[in-house]
Amino acid sequence: MYYKNKVVWITGSSSGTGEAIAYELNKQGAKLIISARREAELERVKNNCENKENPVYILPLDLEKHDELTQKSIEAWNIYGKIDIVFHNGGISQRSPVIDTIFDVDKRIMNINYFGSVIITKALLPKMIKEKKGHFVVMSSLSGLFGIPLRSAYAASKHALHGFYDSLRAELHSEGIKVTLICSGYIKTNIANNALTDKGEKFATTDPEIENGMSTEYFVKKALKAVKNGKKSLLLGGKEKIGAYLKRFAPELLAKILRNR
Ligand SMILES: NC(=O)c1ccc[n+]([C@@H]2O[C@H](COP(=O)([O-])OP(=O)(O)OC[C@H]3O[C@@H](n4cnc5c(N)ncnc54)[C@H](OP(=O)(O)O)[C@@H]3O)[C@@H](O)[C@H]2O)c1
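Visitor: Looking at this structure, I do not really get the site of the ligand. What am I missing?
Guide: Around the ligand, 30 residues are found, and the nearest of them are S15, R37, R38, Y154 and T189. Here S15 contributes a side-chain N or O atom positioned 2.7 Å from an oxygen atom of the ligand. Here an oxygen atom of the ligand and a side-chain polar atom of N194 are 2.8 Å apart. In the complex, the protein chains occlude 97% of the 870 Å² of accessible area that the ligand would expose alone. Counted by class, the shell around the ligand contains 10 nonpolar, 16 polar and four charged residues.

As structure tokens, then:
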């Protein structure tokens with residue numbers, strides 16, 4: 001019942017984890033705002049939401065179009081007159097070595113994964129502080145805890161989210177603002193297909209780790225429980241999750257494993 005009548009804005013809800021979060025929250029009675037670039041896919045997600053009594057509002061946006069995001073955030077707030085939870089989920093990955101990756105790719109990944117979320121958060125904060133409540137759920141990754149080969153910009157963007165949202169959580173704790181950082185391992189979605197190559201093209205294929213990753217349904221169950229319980233972070237994944245412990249307790253060993261990957 002926790003999510004009933006909560007207003008939840010989910011970016012990146014035209015596929016993958018965002019789509020799955022939308023379906024489950026719709027079932028649980030939330031009022032949704034769903035965002036991504038592809039409006040037709042958002043329409044599909046809206047149509048597939050089972051509980052037709054609960055509103056699902058489509059707000060298309062591009063996280064790279066920074067000039068538009070403040071206005072989009074105000075628009076989002078005004079749809080239901082409040083926002084209880086924002087899932088900063090929209091994002092893009094990478095499959096390319098540092099040496100070959102053109103700088104435009106580094107910038108695009110930071111602009112989408114990091115700065116897009118920062119602009120939205122800053123636009124909503126004054127309103128949330130006035131209401132004395134608001135919850136930012138930030139889709140990081142194990143790559144937000146340690147970098148792996150072929151993910152330099154992706155890992156950088158996810159690390160940046162940790163720095164920003166840890167600071168925000170500390171600053172605004174007494175204002176009723178909550179932050180949950182989700183550090184997930186592999187989830188079976190289109191993330192690899194949509195990842196950028198060294199020249200900024202679509203990778204357009206998947207990889208075995210993603211194919212064998214957890215289901216979006218499993219991911220959603222764990223993520224929504226952590227959010228409901230107000231967890232500051234959630235570590236999730238298969239055996240790749242061990243990397244998070246190695247980074248902390250045996251960093252030399254992790255470095256060795258990663259260079260042989
Ligand atoms: N799958 C995994 O193994 C995994 C693991 C850890 C973390 N994550 C994170 O989970 C989040 C969702 O990824 P996913 O796995 O569900 O992959 P996905 O299926 O490729 O979904 C990515 C979502 O982000 C949206 N998006 C991409 N670029 C955008 C832009 N410029 N503006 C607005 N929206 C944009 C896409 O929608 P449009 O194309 O319609 O814009 C799509 O809805 C990402 O932040 C990713 O880093 C994934």
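Visitor: Help me understand unusual backbone geometry in this model?
Guide: The bulk of non-glycine residues show a negative phi, and the bulk of peptide bonds are trans. The phi dihedral of K132 falls on the positive side, at around 60 degrees, and the residue is not glycine. Tracing the backbone shows K132 in the loop between α4 (103-131) and β5 (134-139). Taking relative accessible area as the criterion, K132 reaches 48% and is therefore assigned partly exposed. Of note, the phi angle at A204 is positive, near 60 degrees, even though the residue is not glycine. With respect to the helices, strands and loops of the structure, A204 is situated in the loop between β6 (177-184) and α6 (208-211). A residue is classified by how much of its surface remains accessible, and A204, at 54% relative accessible area, is exposed.

Visitor: Explain helix α1 (residues 16-27) to me, please; I cannot follow it from the model alone.
Guide: Counting along an α-helix, one turn takes 3.6 residues, and residues three or four places apart therefore face a common direction. The end-to-end C-alpha separation of α1 is 17 Å, in line with the 16 Å expected for 12 residues at 1.5 Å each. Counting buried residues along α1, nine of its 12 residues qualify, which places the element largely inside the surrounding structure. Taken as a whole, α1 has its buried residues at G16, T17, G18, E19, A20, I21, A22, L25 and N26. G29 lies just past α1 and shows a positive phi near 95 degrees.

Visitor: Even after reading the chapter, I still don't get empty space enclosed by the protein, so can you show me in this structure?
Guide: Over the atoms rolls a probe the size of a water molecule, and its path tells where empty space is left. Per the stated rule, a full pass over the model turns up two cavities of 30 Å³ or more. Counted as a void, the largest cavity has a volume near 50 Å³. Together, T11, L63, H88, N89, G90, I112, N113, S117, M139, K158 and L161 line the largest cavity. Counting residues per element, the ones that place at least two in the lining of the largest cavity are α4 and α5 (152-172). Considering every element that reaches the lining of the largest cavity, the biggest residue donor is α4, with three residues. Residues of the lining of the largest cavity, tallied by class, amount to four nonpolar, six polar and one charged.

Visitor: For this particular structure, what's the right way to read the side chain of D207?
Guide: Looking at the element boundaries, D207 is found in the loop between β6 and α6. A distance of 2.7 Å separates polar atoms of two side chains, one belonging to D207 and the other to R95.

Visitor: Is there a simple way to explain the packing of α4 against α5 in this structure?
Guide: Each pair of packed helices can be summarised by the angle the axes make with each other and by the distance between the axes. In the contact formed by α4 and α5, the axes pass within 8 Å of each other and the chain directions differ by 15 degrees. Here α4 lies roughly parallel to α5, going by the angle between them. Of the two elements, α4 crosses α5, and the hand of that crossing is right-handed. Along its contact with α4, which presents D106, I109, M110, N113, Y114, S117, V118, T121, K122, L125 and I129, the element α5 presents A153, Y154, A156, S157, K158, A160, L161, F164, Y165, L168 and L172. Within the contact of α4 with α5, the residues separate by chemical class into 15 nonpolar, four polar and three charged.

Parameters at a glance
Residue indices begin from 1 for each chain and proceed along its sequence in written order. With the structure being a predicted model, the display of local features is reserved for residues of pLDDT at least 70 and the display and counting of side-chain atom pairs for 80 or more, all residues being used for whole-chain, interface and lining totals. With hydrogens and water set aside, each side-chain value is computed from the structure's full complement of heavy atoms. The nearness test applies per residue and asks whether one of its heavy atoms lies within 4 Å of the molecule or strand. Counting of polar contacts relies on pairs of N or O atoms within 3.5 Å, with two restrictions inside protein: one atom must be capable of donating a hydrogen and the other of accepting it, and residues adjacent in sequence are counted only when both atoms are side-chain atoms. Each accessible area is a Shrake-Rupley estimate made with a 1.4 Å probe; only the visible protein chains count as cover when residues are assessed. Think of it as three bins: nonpolar holds Ala, Val, Leu, Ile, Met, Phe, Trp, Tyr, Cys and Pro, charged holds Asp, Glu, Lys and Arg, and polar takes everything else, Gly as well. Helix and strand assignments come from DSSP, with helices taken as H or I runs of at least 4 residues and strands as E runs of at least 2, each series counted from the N terminus. Only protein chains enter the calculation, and the probe is 1.4 Å; a residue is then buried if its accessible area is under 20% of its type maximum, exposed if over 50%, and partly exposed in between. Multiplying 1.5 Å by the residue count of a helix minus one yields the expected span of that helix. Residues are said to line a cavity or pocket when one of their atoms sits within 4 Å of a point; the points come from a 1 Å grid over protein atoms alone, cavities being sets where a 1.4 Å probe fits but cannot get out and pockets being open sets with protein on both sides within 12 Å along at least five of seven lines. Grid points are joined across faces, edges and corners, and a volume is the space filled by probe spheres set on the points. Think of each axis as a best-fit line through the C-alpha atoms, taken over the contacting stretch in the case of a helix, with angles from 0 to 180 degrees between the N-to-C directions. Should an angle fall under 35 degrees it is taken as roughly parallel, and over 145 as roughly antiparallel, whereas 65 to 115 is taken as roughly perpendicular and any remaining angle as oblique. Each crossing gets its handedness from the near helix: less than a right angle anticlockwise from the far helix is left-handed, clockwise is right-handed. Contact between two residues is taken to exist if any of their heavy atoms lie within 4.5 Å; hydrogens are not considered.

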